[in-house]
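Summary of structural features
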Amino acid sequence: MSWRPQYRSSKFRNVYGKAASREHCFDGIPITKNVHDNHFCAVNARFLAIVTESAGGGSFLVIPLQQTGRIEPNYPKVCGHQGNVLDIKWNPFIENIIASCSEDTSVRIWEIPEGGLKRNMTEAVLELYGHSRRVGLVEWHPTTNNILLSAGYDYKVRLPGNAAPEGSAGCPGRDRGMPAPFGHTDVILCLSFNADGSLLATTCKDKRLRVLEPRSGRVLQEASCKNHRVNRVVFLGSTKRLLTTGVSRWNTRQIALWDQ
């Protein structure tokens, strides 16, 4: 009897990607080079937001998803920050609310009109201050509306009491939060809530991965990452696992799977 090697067939082996035609792409956008390792864009079911290069402050575009093609240089922008915009995130509960943070030490909440921008937007519905240095990250709570977390280059994490615009349901629109005592000793690189928002994972330039309790700021787990210098972290749904990306001591790319 002849022996034949057994190969596991893949349903994806004959699947090839095809680039969209130019009229179905977003073209002519001057994408920023100042967000470092953060996201320069954010998308939801209605809008695409992209941080752009600008002079004399920070700005980002908000484009309806169906408005593809070439974007004109004078297309309206959200341009209220006095410094470069470093991160943007859409509110997971309200599709036309977006948060941004900047080198000007502020976090701002913007309400995008239903049909998109018709002119430059310079007035935010809410401005949050409290960091002493530039703010590099913002993250919305996944299960509670109007709760926004920010991390700055002052090594602080802020969890405002309420990030609802003035006049909306709930508390008045003002930052009543305090820096959470999360114990970071260097710049925070990434934030990730778990599925129900009860835990927060952070990565930091001090080469440590932390799992925290957001309400108290208590560190529940802490791992040293000297052999795997971790940059990004994400909770994997409700599996009680975390996935990190980073580099080894020989600067080779790595991914790691962690039990929380």
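Everything numeric here is computed off the predicted structure, so don't read it as measured data.

Quick notes on the nonpolar core
F60, V62 and I112 are the most contacted members of the largest nonpolar core, which totals 16 residues. Elements with a contribution of two residues or more to this core: strand 3 (47-52), strand 4 (58-64) and strand 7 (85-90). Discounting chain neighbours no more than four positions away, the residues touching F60 are A49, I50, V51, T52, K77, V78, V85, I88, I98, S100 and W110.

As for the pairing of strand 18 (residues 218-224)
In the sheet, strand 17 (residues 208-213) pairs with strand 18 via 6 bridges, with the strands oriented antiparallel. If you follow E213 over to strand 18, its bridge partner there is R218. Hairpin geometry of strand 17 and strand 18 is characterised by an intervening segment of 4 residues between the two adjacent antiparallel strands and by a positive phi of about 80° at G217.

Quick look at the packing of aromatic side chains
Counted by the stated rule, this structure contains 2 aromatic pairs. Plain terms: the ring middles of F47 and W90 are 5.6 Å apart, the flat faces sit at 20° to each other, and that makes the pair stacked. With a gap of 43 residues between them, F47 in strand 3 and W90 in strand 7 connect regions that are remote in the sequence. The residues F47 and W90 share a single accessibility class, namely buried. Measuring from centroid to centroid gives 6.4 Å for F60 and W110, while their planes differ by 80°, and the two rings are edge-to-face. With F60 in strand 4 and W110 in strand 9 (residues 107-111), this residue pair connects regions lying 50 residues apart in the sequence. With a relative accessible area of 0%, F60 lands in the buried category. Judged by its relative accessible area of 0%, W110 is buried. Just above the ring of Y153 sits the side chain of R134; from NZ or CZ to the centre is 4.1 Å. Residue placement shows R249 over the ring face of W250; its charged tip is 5.8 Å from the ring centre.

A closer look at the layout of surface pockets
Size it by volume and the largest pocket reaches roughly 300 Å³. The wall of the largest pocket is formed by 19 residues, among which K89, E139, W140, L191 and S192 lie closest to the centre. Elements with a minimum of two residues in the lining of the largest pocket: strand 7, strand 11 (135-140), strand 15 (188-193) and strand 19 (228-235). Looking at the lining of the largest pocket residue by residue, the classes come out as 11 nonpolar, 4 polar and 4 charged. When residues of the lining of the largest pocket are assigned to domains, at least three fall in each of domain 1 (21-159) and domain 2 (181-259). Computed from the structure, the second largest pocket encloses a volume of approximately 220 Å³. Of the residues assigned to the lining of the second largest pocket, the class counts are 3 nonpolar, 5 polar and 3 charged. Residue assignment places the lining of the second largest pocket across two domains, with domain 1 (21-159) and domain 2 (181-259) each supplying three or more.

Regarding the sheet that holds strand 17
Taken in spatial order, the 4 strands line up as 15-16-17-18 in an open sheet, and their pairing is antiparallel. Of all the strands in the sheet, the pair left with one neighbour each is strand 15 and strand 18. Going from strand to strand, the sheet's axes swing by 20° on average, the running direction of each strand aside. With 4 bridges joining them, strand 16 (residues 200-204) and strand 17 adopt antiparallel strand pairing. Residue L200 lies in a different strand from strand 17, and its bridge partner there is L212.

Cut-off values and rules
Residues numbered from 1 in each chain as written. Predicted model: local features only at pLDDT ≥ 70, side-chain atom pairs only at ≥ 80, totals over all residues. Heavy atoms only, no water. Core = buried A, V, L, I, M, F, W, Y, C linked by side-chain atoms within 4.5 Å. Buried < 20%, exposed > 50% of the residue type's maximum accessible area, 1.4 Å probe, protein only. Helix = DSSP H or I, 4+ residues; strand = E, 2+ residues; numbered from the N terminus. Contact = heavy atoms within 4.5 Å. Pairing = 2+ DSSP bridges. Phe/Tyr/Trp six-rings, centres within 6.5 Å; stacked < 30°, edge-to-face > 60°. Lys NZ or Arg CZ within 6 Å of the ring centre and 35° of its normal. 1 Å grid on protein atoms, 1.4 Å probe; cavity = no way out; pocket = protein on both sides within 12 Å on 5 of 7 lines; lining within 4 Å. Points joined across faces, edges and corners; volume = space filled by probe spheres on them. Nonpolar A, V, L, I, M, F, W, Y, C, P; charged D, E, K, R; others polar. Domains from an automatic or database assignment. Axes fitted to C-alpha atoms, helices over the stretch in contact; angles between N-to-C directions.

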